[in-house]
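# Chain and residue survey
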Amino acid sequence: MTVQIKRICLEPYKLHLTQPLKTALCLLSDRSGIIIRAVDTENRVGLGESAPLAGFGMESLAEAQVVLNTLQVELVGKELSSLEDIASLLANFSHVPAAKHGMELALCNLWAVAQNKSLAQVLNSYSRNIIAVNALIGGGSPEIAALRAKALVQQGYTCIKVKVGADGADCDWQRVAAVRAAIGKQIQIRLDANQAWSVEEAIAQIEKFESLDIEYVEQPVAASDLAGMAMVRRSVGIAIAADEAITNINALRQAISHQAADIAIIKPMAMGGILTARQAAYVALEAGMDVVFTTTIDGAIARLGALHLAASIPEVTRACGLATGELLA
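Throughout what follows, the structure given in this document is the object of discussion.

Read across the open sheet, the seven strands follow the order 5-6-7-8-9-10-11; overall the sheet is parallel. In the strand order of this sheet, the two ends are held by strand 5 (135-137) and strand 11 (290-293), each with one partner. Direction aside, neighbouring strands of the sheet carry axes that sit 25 degrees apart on average. Strand contacts of helix 5 (residues 142-155): strand 5 and strand 6 (159-163), with the helix running at about 170 degrees to strand 5, the strand carrying the most contacts.

Shown next, in the form of structure tokens:
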């Protein structure tokens, strides 16, 4: 089968969050991006989404728009006969990962539609149809966090991620302790520090959390300090996950080389597309790391792309961070 691209349409969007999300890096109140529609000569449509987010090694939205404007012209008339063709067409755009992600997702989706298959089935014929996901709790008082956690468990979540590092050590511990008390021992809790701590602070903080049965702590120290993260990992009894430290496959290999983390958090938007993210997942798995796919609080199209990616890799068994739609108004 061959698919020929007839036109590509670009549509900017802005989505507000239901309430601002406070992390150690920033206060996020909205998400802006670009929807990509790739149409073939049979008028079949593939959808993609480009939504850069600061702090994850991505370009600005303006830079993504310039690249997508160029691709909008250059890709017309190009033919696709495999996923490898898509990867080849976009091979020179790794320096603009969000733009590459959006166009790649649109073309991969178009290729799947042309075959009357889901994207997960195109990636792996043995794909799953059920994926465990975690819920998210940002900042706020312990009382509010506990109420939120109870509501999430009632909705069916069995894993909750709590943001830490933005409100001080005592507030963090009280919030997480309140969540644990509210939901009991059967529900997993994972923490995300977003690079908030020094190495010494990270060790001290994580040791305090050990009594609360924490699944893992995400990016406790600066993404650039792999040696420091490795020291934290050796010093504490809770697993460590690398997130902002993994912006591409080379960065992942550096984290593996330093033995800096037990778990690789892989964001397709930051990695430059689901094909690169899939390759990164297997690099991590082969190195003995677990993998968790997450979004950068993207719109529905990018979330679905990440969901299909997760479904295509049965070895990914931990809950993935793909249930972020409710954060958007």
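At their nearest, the axes of helix 9 (residues 249-257) and helix 11 (residues 274-286) sit 10 Å apart, and the two run at 15 degrees to each other. Between helix 9 and helix 11, the interaxial angle falls into the category roughly parallel. Helix 9 and helix 11 meet at a crossing whose hand is right-handed. Along the contact surface, helix 9 presents Ile249, Leu252, Arg253 and Ile256, while helix 11 presents Thr276, Gln279, Ala280, Val283 and Ala284. When the residues that make up the contact of helix 9 with helix 11 are grouped by side-chain class, the tally is six nonpolar, two polar and one charged.

A few words on unusual backbone geometry. In this model, Asn43 sits at a positive phi of 65 degrees, which is unusual for a non-glycine residue. Topologically, Asn43 is positioned in the loop between strand 2 (27-40) and strand 3 (45-50).

Okay, the pattern of salt bridges next. All told, the structure shown has 15 salt bridges when counted by the stated rule. Between Asp172 and Arg175 there is a salt bridge, with its nearest N and O atoms 3.3 Å apart. Taken as a pair, Asp172 and Arg175 lie in helix 6 (residues 169-183) at a separation of three residues, close to a single helical turn. For Asp172, a relative accessible area of 1% gives the class buried. Classification of Arg175 by relative accessible area gives buried; the value is 1%.

What counts and what doesn't
Residues numbered from 1 in each chain as written. Predicted model: local features only at pLDDT ≥ 70, side-chain atom pairs only at ≥ 80, totals over all residues. Heavy atoms only, no water. Pairing = 2+ DSSP bridges. Helix = DSSP H or I, 4+ residues; strand = E, 2+ residues; numbered from the N terminus. Axes fitted to C-alpha atoms, helices over the stretch in contact; angles between N-to-C directions. Contact = heavy atoms within 4.5 Å. Parallel < 35°, antiparallel > 145°, perpendicular 65-115°, else oblique. Left-handed = near helix turned anticlockwise from the far one by under 90°. Nonpolar A, V, L, I, M, F, W, Y, C, P; charged D, E, K, R; others polar. Salt bridge = Lys/Arg side-chain N within 4 Å of Asp/Glu carboxyl O. Buried < 20%, exposed > 50% of the residue type's maximum accessible area, 1.4 Å probe, protein only.

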